[in-house]
Amino acid sequence: MLLGELPTLPIGLCAAGDCSPVVLRVAALRDHDVYAVVCRGGLIDLAGMLYLRSLTAPLLLLVAEDDERVAASNRRALSEISCRKELRLLPANTHSPDSAAAFELVARETARWFVQRLPGD
């Protein structure tokens, strides 16, 4: 985009598991380029307080309802974030990577978040 080879379009970032903290750091550093972020699982507090506090893009966290450790950690991290944010608990069976139904639910929630947050034409 910097070289003019790609059109400037709104960017939405999506991550799962261990990639979630990295995506939050990128979104915080590129605050004018990233319009929305979705993280499926992962410990977002590992991004670091500076990045959590710098985040401006709306953030959706998707966590399996039976993953109490990740949910509790992410709730603590969300208290440091001032932008629009939401933690959605998903049915317990959604963290199985082999489940088509789980994949569909995560994809639907992610798409909905992006459609609502990314600017249109």
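The structure we're discussing is the one just above.
So, how was this worked out
- Residues numbered from 1 in each chain as written.
- Predicted model: local features only at pLDDT ≥ 70, side-chain atom pairs only at ≥ 80, totals over all residues.
- Heavy atoms only, no water.
- Helix = DSSP H or I, 4+ residues; strand = E, 2+ residues; numbered from the N terminus.
- Buried < 20%, exposed > 50% of the residue type's maximum accessible area, 1.4 Å probe, protein only.
- Contact = heavy atoms within 4.5 Å.
- Areas by Shrake-Rupley, 256 points an atom, 1.4 Å probe, with all protein chains shown as cover.
- Polar contact = N/O pair within 3.5 Å; in protein donor to acceptor, adjacent residues only side chain to side chain.
- Pairing = 2+ DSSP bridges.
- Right-handed = clockwise from strand over helix to strand, strands pointing away.
- Arc of directions from axis to C-beta.
- Core = buried A, V, L, I, M, F, W, Y, C linked by side-chain atoms within 4.5 Å.

Enquirer: I tried to follow the overall build of the protein on my own but got confused; where do I start?
Expert: Counting its secondary structure elements, the protein contains 4 helices and 4 strands. Reading the secondary structure of the protein in the N-to-C direction produces β-α-β-α-β-α-β-α. A buried classification covers 40% of the 121 residues belonging to the protein. Taking all contacts inside the protein whose residues are at least 6 apart in sequence as the whole, residues at least 24 apart take part in 60%. Surface exposure of the protein reaches about 7,200 Å², of which carbon and sulfur atoms provide 57%.

Enquirer: Teacher, can you tell me more about the environment of serine 20 here?
Expert: Looking at where serine 20 falls in the secondary structure, it is placed in helix H1 (residues 20-29). In this structure, the C-alpha to C-alpha distance between serine 20 and isoleucine 44, residues 24 residues apart in sequence, is 6.0 Å. Apart from residues no more than four positions distant in its own chain, serine 20 is found in contact with Ala15, Cys39, Arg40, Gly41, Gly42 and Ile44. Among the polar contacts made by the side chain of serine 20, one reaches the main-chain carbonyl oxygen of glycine 41 at a distance of 3.0 Å.

Enquirer: Looking at this model, I keep getting lost on the pairing of strand S1 (residues 11-16). Mind explaining?
Expert: Remark: a regular strand shows side chains that alternate across the two faces of the sheet. The pairing of S1 with strand S2 (residues 34-40) spans 6 bridges and is classified as parallel. Bridging across to S2, cysteine 14 finds its partner in valine 38. Read from S1 through H1 to S2, the crossover connection turns out right-handed.

Enquirer: Explanation requested: H1 in the structure shown.
Expert: Since the α-helix turns once every 3.6 residues, residues separated by three or four places project in the same direction. For H1, the complete set of buried residues consists of Ser20, Pro21, Val23, Leu24, Ala27 and Ala28. Buried residues of H1, viewed axially, fall in a sector of 160°; they line one side. Opposite the buried face of H1, by more than 90 degrees, sit the exposed residues Val22 and Leu29. Contacts from the buried residues of H1 go to S1, S2, helix H2 (49-54) and strand S3 (59-64).

Enquirer: Where do I start with the nonpolar core in this structure?
Expert: One broad trend across soluble globular proteins is that nonpolar side chains are buried collectively. Counting 19 residues, the largest nonpolar core has Leu24, Val37, Ile44, Leu52, Leu55, Leu59 and Ile81 as its most contacted members. Contributions of two or more residues to this core are made by S1, H1, S2, S3 and helix H3 (68-78). Each residue touching leucine 24, except ones within four places of it in the same chain, is listed here: Val37, Cys39, Ile44, Ala47, Leu52, Leu55 and Leu59. Counting 9 residues, the second-largest nonpolar core is a separate cluster that includes Leu60, Leu62, Leu105 and Val106.

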